[in-house]
Amino acid sequence: MADKMLTRRDFIRRSAAGAAGAGYFLNGKWVPLEAAPVVPKPASPADRVNLAFIGVGIRGHILTNAAIATGQANLVVACDTYQGHLDRSKETTDGKIDTCFCQYKSVLDRKDIDAVIIATPDHWHLPMVLDALAAGKDVYIEKPMTHRIEDGPKMIEAAKRYNRVVQVGSQGRSSALQKKAREIVASGQVGQITKIVASYNRNSSTGAWNYPIPPDLRDGVNFNWKEWLGSAPEHPFDPERVFRYRKYWDYSGGITTDLFVHLITSIHFIMDVKMPCSVVATGGILRWKDGREVPDTLDALFEYDGFNINMASTFNNASTAEQGMQFLGTDGSLVLGGSSLSLSPEKHREGYQYSIDSWPKALQEQFWNEGEHRAESKPNAKWEGSNVTDEADAVPVHMAEFFECVRSRKECSENAEVGHYAASAGHMVNISYRAGKKVSWDMASGEAKV
Ligand SMILES: NC(=O)c1ccc[n+]([C@@H]2O[C@H](COP(=O)([O-])OP(=O)(O)OC[C@H]3O[C@@H](n4cnc5c(N)ncnc54)[C@H](O)[C@@H]3O)[C@@H](O)[C@H]2O)c1
């Protein structure tokens, strides 16, 4: 992710380059890809959003840089349960940010804070979002918005009750490529899409979440295990759980909530849908038998109204796209990688010869001379293929939208409802995997039923 960290100047330069060069062919015509919406000019000090961070680990650090890149916020205070992450926060902001060890509620009590960025492990999302909303703060909450399906309606209700803005942090949908993909699908260019194939694969120990543990970590000295654990089940202090929490059900949903939620959010956006009707999943701990509880290999089939998704992840091999989505339509395929979009036409071709070869020659000849049979058996496509790459980072764009909504009081594009549905579709995968059964979604009650 380090190469994705941009200064504001880098960000605007890259977006501008995207504007000049990128595009795609539609019916033989070059259609330029609009640049990722460029973040607005730096706001005047009075217009800047006064920002607090809760959780400045891996993601919080990236978001700190993104907030700086937007030029739209004053970075006022960062709170964390590990002093090392707070020290890094100071470094990143040239010593300007206040730091707060462990007392996130005292940060929420501060009257000089407008909005809060929450980037803590998943088990903390519900209490922190509810506390922040009740304290009158607007909230940027990292994905997955929820740790359990039932958390979502509580957050949606609180956002409404306190009239606060919520943006969930699956930034992909703010990228120019995904916006263009949504337009292409809606235009009908790729025809009827009945199948989507999506994957997230890795082949390294760090890819399987065995992140390095800082050697200075000492509970009661520069870290607070009790505060990190919060309302999660009691457990003796274990640095492995702190820095590799994605391996344990108490704090994470593993592949589903770490990786699938990104794919689901993007697919919901591009296909303009809310929820699957059903999900069935299978998987296991096939390679990384290191004490983890969550699977390292997961295959899920989602059934939506009119199309299916085949979503898969393995931590054993990354030779196919590390991250990708293929939207397979009757007239073409739209393939999205991390920073590329390709469109390839389906070559329609009827395979008549295969079935009529057993006919007498004269009958075959008669068939070929009837109607359009000869033309239909030649490969034919309605349009030419094309390829677009766009390296612009969507994170500052996604965050700039949040800051704009904080000022305008408009809904964010990835509001609490969007975040709830994306996370819930992910939770259905885990419910199915753990129960060994197909899970259905009841839209009326908002419940997953095994
Ligand atoms: N949008 C993305 O692309 C993306 C990428 C990575 C992570 N994430 C999400 O960000 C979140 C954090 O992930 P991460 O990789 O940064 O984890 P991390 O462990 O590196 O960071 C989490 C931080 O939260 C702190 N924390 C825990 N409890 C706290 C408390 N009570 N008060 C204050 N701080 C507390 C921890 O000390 C740690 O520094 C997760 O929900 C993850 O899914 C999103």
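Just above, that's the structure.
Residues numbered from 1 in each chain as written. Predicted model: local features only at pLDDT ≥ 70, side-chain atom pairs only at ≥ 80, totals over all residues. Heavy atoms only, no water.

Participant: What is the right way to look at the environment of asparagine 224 in this model?
Facilitator: Mapped onto the elements of the fold, asparagine 224 is located in the loop between β9 (193-200) and α8 (225-229). Each C-alpha atom of the pair asparagine 224 and tyrosine 82 lies 7.0 Å from the other, and the pair is 142 residues apart in sequence. For asparagine 224, the side chain forms a polar contact with the main-chain nitrogen of lysine 226, separated by 3.1 Å. (Helix = DSSP H or I, 4+ residues; strand = E, 2+ residues; numbered from the N terminus. Polar contact = N/O pair within 3.5 Å; in protein donor to acceptor, adjacent residues only side chain to side chain.)

Participant: Looking at this model, I keep getting lost on the packing of helix α2 (residues 58-70) against helix α14 (residues 394-408). Mind explaining?
Facilitator: In a pair of packed helices, the angle between the axes and the distance between the axes together describe the arrangement. Closest axis-to-axis distance for the α2/α14 pair is 9 Å, and the angle between their directions is 70°. The angle between α2 and α14 places the two elements in the roughly perpendicular class. Pair α2 / α14 crosses with right-handed handedness. Taken together, the residues of α14 that come into contact with α2 (itself represented by Arg59, Leu63, Ala66, Ala67, Ala69 and Thr70) are Val395, Pro396, Met399, Ala400 and Phe403. Considered class by class, the residues forming the contact of α2 with α14 number 9 nonpolar, 1 polar and 1 charged. (Axes fitted to C-alpha atoms, helices over the stretch in contact; angles between N-to-C directions. Parallel < 35°, antiparallel > 145°, perpendicular 65-115°, else oblique. Left-handed = near helix turned anticlockwise from the far one by under 90°. Contact = heavy atoms within 4.5 Å. Nonpolar A, V, L, I, M, F, W, Y, C, P; charged D, E, K, R; others polar.)

Participant: Mind showing me how you'd approach the nonpolar core here?
Facilitator: Proteins that are soluble and globular tend to have nonpolar side chains buried together. The biggest cluster of nonpolar side chains holds 52 residues, and the ones touching the most others in it are Ile267, Phe302, Phe327 and Leu334. It is helix α10 (residues 255-271) that provides the largest number of residues to this core, a total of 9 residues. Excluding anything up to four places from it in sequence, phenylalanine 327 contacts Ile193, Lys195, Ile196, Ile267, Ile270, Met271, Gly332, Ser333, Leu334 and Leu336. (Core = buried A, V, L, I, M, F, W, Y, C linked by side-chain atoms within 4.5 Å. Buried < 20%, exposed > 50% of the residue type's maximum accessible area, 1.4 Å probe, protein only.)

Participant: Mind showing me how you'd approach the sheet that holds strand β5 (residues 98-101) here?
Facilitator: Hydrogen bonds between backbone atoms are what pair the strands of a sheet, whose relative direction is either parallel or antiparallel. Spatially, the 6 strands line up as an open sheet ordered β5-β4-β3-β6-β7-β8, and their pairing is parallel. In this open sheet, the two edge strands, each paired with only one partner strand, are β5 and β8 (166-168). The average angle at which neighbouring strand axes cross in this sheet is 20°, direction not considered. (Pairing = 2+ DSSP bridges.)

Participant: Please explain the site of the ligand as it appears in this structure.
Facilitator: Around the ligand, 27 residues are found, and the nearest of them are Arg59, Asp80, Thr81, His85 and Arg246. Within the contact set of the ligand, an oxygen atom lies 2.7 Å away from a backbone nitrogen or oxygen of arginine 59. Within the side chain of aspartate 80, an N or O atom sits 2.5 Å from an oxygen atom of the ligand. In isolation the ligand has 840 Å² of accessible area, and contact with the protein removes 95% of it. For the shell around the ligand, the elements supplying multiple residues, two or more each, are α2, β4 (73-80), α5 (125-134) and α8. Residue composition of the shell around the ligand, grouped by class: 11 nonpolar, 9 polar and 7 charged. (Near = heavy atom within 4 Å. Areas by Shrake-Rupley, 256 points an atom, 1.4 Å probe, with all protein chains shown as cover.)

The quantities given are spatial measurements derived from coordinates; they are silent on function.
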